[in-house]
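Each chain, written out:
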Amino acid sequence: MTSPDDAVGAAFAQEWPRLVALLIRVTGDWALAEDCAQDAFVAAARTWPRDGVPQRPGAWLLTVARRRALDRLRRAGTERRTVEEVAVDLDRRLTSADEPTSRDDLGDDRLRLVFTCCHPALSPETQVALTLRTVCGLTVEEVARAFGLAEAAMSKRLVRARQKISTARIPYRVPPAHALPERLGGVLAVVYLLFTEGYVATRGGLLRADLTAEAVRLGRLLATLMPDEPEVLGLLALMLFHDARRTSRTDAAGRLVPLDQQDRSAWDVALAEEADALLSRARRRSGDGPGPYTLQAAIAGEHTTAPSAAATDWEAIVASYDELARTTASPFVALNRAIAVAMAHGPEQGLVLVDGLAAEGVLDAYHLLPATRADLLRRLGRDDEAAAAYRDALRLVTNDAEREHLARRLAEVTAG
Amino acid sequence: MRYLMFVRVDPDAPDPGPDADPSAWVADVESRGIRMTGDRLRPAEEATAVQVRGGRTLITDGPFAEAREQIGGFDLLETADLDEAIAVAAAHPAARFGTIELRAVWPFPDA
């Protein structure tokens, strides 16, 4: 039995994006929609613990939000006829308010909301901020904290974004089929950016874990609404594989633990299995070859489902990197492929590839290039060269946990 | 929805050749009733910038902001929404070597 507080929390996660998306569609007013949805949740937090959770929480919330919306429209001097249209339209939707998906011929309102928040006419930072506020339901203050900005500055940015959506007439819709692949790529980029920002600690603060959770929630929502899009499934699989290993990634002192030394018994088996099933679905639906998220999920999956570090199927990982390298000409992919080749075929072969990348000079500012060289040299017993490479890496690293790890390695190779 | 489309190009860039001729684009968007008017403009050096500050009118000779790309022409579009305007702008040849800036026309409440 869930307590009313849990039920409010669960309803919030479930119902917030649906309620906001619906209110925006019917009223066309983003600020009004967010305010009225927030009012409805405040009312729920006040009355549910006392009166119990209603049978149909979605309809309950919509009824409260509807009343607020009509009040506000009337007070703002909106034409009577318009107010009546909004009233009738919202009324009509009360019956379907608790169905898991509410598809009409234009799709689900929540998808419209996500695609509009991630419209390329908005800057990438604004897309992320607007998604956190409007789709995830974070308060302006929470979004501001995630960006390291003052609340007033974030509030201004969000006001400008809503204004541009309305005055430049950014359409509130899921893009048509011919534009969908590109636009979906933009949406997935926002979700993955949120996830990695939460996962890789470039800034301090406890909010990072929350951002990861928001990204996973968004990923789950997209997978529910677009169950046949392979890259949507691939991205969710990728995030869940990483999430399954989350607790063993750092030790009690907050130090980074390399993958081969992590306690595999601490990994979340249920999450890994869910990710594996998603990955299989993504692969089955990847008609013209798996996309980058599906391939990255395949790589993360090999790491996560291997019974031990030594039993990792590095040949399979190299094969996925080969595919990834064919479609994305990224030096980061090339570096990771070199690491996999070193594991599959020995450090010498990996070192040849890493030195080739170093000669290209495109990763000069990236600490993992010298750090990878250092590790390969160390494994080849070339300690002096390894030490020099560790020092190069230490000059470039910005993350505290990684710096600490590199310093430990440097101490090891210089100790002998 | 109306959008004023500024065609920004670098006047010192090498001549992009016959590919830059917008007449096919003009014919297409006019046949679809999207382009209301438009023209090529005299170079920015001949522009006059007008500002009123503290009740005084300030006239400046030449382009106001220093930028390599200048507004070389404009088109007034009427489209359903920004996505359609973006598609129309992206089809203009100058989008390939210059920048097209789309500005929604400020809507008047009773228009």
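Small disclaimer: the values here were computed from a predicted structure and weren't measured.

(A) Inspection of the side chain of Arg 35 of chain B at higher detail. All names here are of chain B. In this fold, Arg 35 is placed in strand S2 (residues 35–40). Among the polar contacts made by the side chain of Arg 35, one reaches the main-chain carbonyl oxygen of Gly 38 at a distance of 3.3 Å. At a separation of 2.6 Å, a polar atom in the side chain of Arg 35 contacts the side chain of Asp 75. Other than its neighbours up to four places away in sequence, Arg 35 contacts Trp 25, Val 26, Val 29, Glu 30, Asp 75, Leu 76 and Leu 77.

(B) Focus on the interface of chain B and chain A. If you look at the interface, chain B gives 8 residues, while chain A gives 9 residues. When chain B packs against chain A, the two sides together hide about 700 Å² of surface, and 54% of this comes from carbon and sulfur. For the chain B face of the interface with chain A, the top three residues by lost area are Met 1, Leu 82 and Asp 83 of chain B, together amounting to 60%. If you look at where chain B meets chain A, you find 3 salt bridges. One salt bridge connects Asp 81 of chain B with Arg 173 of chain A, and the closest N-O pair in it is separated by 3.4 Å. Linking chain B with chain A are 6 residue pairs in polar contact (both at pLDDT 80 or more). For the side of chain B that touches chain A, the leading source of residues is helix H2 (residues 82–90) of chain B, giving 3 residues.

(C) Broad picture of the packing of helix H5 (residues 109–117) of chain A against helix H6 (residues 124–135) of chain A. All names here are of chain A. Running from N to C, H5 and H6 cross one another at 155 degrees; their axes reach a closest spacing of 9 Å. The angle between H5 and H6 falls in the class roughly antiparallel. Contacts between H5 and H6 involve Leu 113, Val 114 and Cys 117 on the former and, on the latter, Gln 127, Leu 130, Thr 131, Thr 134 and Val 135. Across the contact of H5 with H6, the residue classes break down as 5 nonpolar, 3 polar and no charged.

(D) Structural view of the packing of aromatic side chains. Residue and element names in this part refer to chain A. By the definition in use, this model includes 6 aromatic pairs over all chains. Between Tyr 192 and Phe 195 the ring centres are 6.5 Å apart and the planes differ by 10 degrees, which places this aromatic pair in the stacked class. With Tyr 192 and Phe 195 both in helix H9 (residues 180–199) and 3 residues apart, this pair spans about one turn of that helix. With relative accessibility at 18%, the residue Tyr 192 sits in the buried group. On the basis of relative accessible area, Phe 195 is assigned to the buried category, the value being 1%. Seen from their ring centres, Tyr 192 and Tyr 293 are 5.6 Å apart, and the 80 degrees between their planes marks the pair as edge-to-face. Separated by 101 residues along the polypeptide, Tyr 192 in helix H9 and Tyr 293 in helix H13 (residues 292–305) bring together distant segments of the chain. For Tyr 293, a relative accessible area of 13% corresponds to the buried category. Aromatic rings pair up to connect Tyr 192, Phe 195 and Tyr 293 into one cluster.

(E) A look at the sheet that holds S2 of chain B. All names here are of chain B. One open sheet accounts for 4 strands, arranged S2-S5-S1-S6; its pairing is antiparallel. Among the strands making up the open sheet, the edge pair consists of S2 and strand S6 (99–104). Pairwise comparison of adjacent strand axes, ignoring direction, gives a mean angle of 20 degrees for this sheet. Two elements, S2 and strand S5 (residues 70–78), share 5 bridges in a ladder whose sense is antiparallel.

(F) Molecular detail of the pattern of salt bridges. Summed over all chains, the structure comprises 38 salt bridges over all chains. Among the ionic pairs, Asp 109 of chain A bridges to Arg 25 of chain A, the shortest N-O distance being 2.5 Å. Here Asp 109 of chain A is found in helix H5, whereas its partner Arg 25 of chain A is found in helix H1 (residues 4–27), with 84 residues between them in sequence. The partner of Arg 80 of chain A in a salt bridge is Glu 84 of chain A, with the nearest N and O atoms 3.6 Å apart. With Arg 80 of chain A and Glu 84 of chain A both in helix H4 (residues 80–93), this residue pair falls 4 residues apart, about one helical turn. On the basis of relative accessible area, Arg 80 of chain A is assigned to the exposed category, the value being 67%. Residue classification places Glu 84 of chain A among the partly exposed residues on the basis of a relative accessible area of 44%. Several salt bridges converge on common partners, so that one network encompasses Arg 173 and Arg 183 of chain A together with Asp 81 and Asp 83 of chain B.

(G) Spatial organisation of the domain arrangement of chain A. If you check the domain split of chain A, you get domain 1 (4–96) and domain 2 (313–416). For domain 1 of chain A versus domain 2 of chain A, the separation of C-alpha centres amounts to 53 Å.

So, how was this worked out
Residues numbered from 1 in each chain as written. Chains lettered and ligands numbered in written order. Predicted model: local features only at pLDDT ≥ 70, side-chain atom pairs only at ≥ 80, totals over all residues. Heavy atoms only, no water. Helix = DSSP H or I, 4+ residues; strand = E, 2+ residues; numbered from the N terminus. Polar contact = N/O pair within 3.5 Å; in protein donor to acceptor, adjacent residues only side chain to side chain. Contact = heavy atoms within 4.5 Å. Buried area = accessible area lost by both parts, 1.4 Å probe. Salt bridge = Lys/Arg side-chain N within 4 Å of Asp/Glu carboxyl O. Axes fitted to C-alpha atoms, helices over the stretch in contact; angles between N-to-C directions. Parallel < 35°, antiparallel > 145°, perpendicular 65-115°, else oblique. Nonpolar A, V, L, I, M, F, W, Y, C, P; charged D, E, K, R; others polar. Phe/Tyr/Trp six-rings, centres within 6.5 Å; stacked < 30°, edge-to-face > 60°. Buried < 20%, exposed > 50% of the residue type's maximum accessible area, 1.4 Å probe, protein only. Pairing = 2+ DSSP bridges. Domains from an automatic or database assignment.

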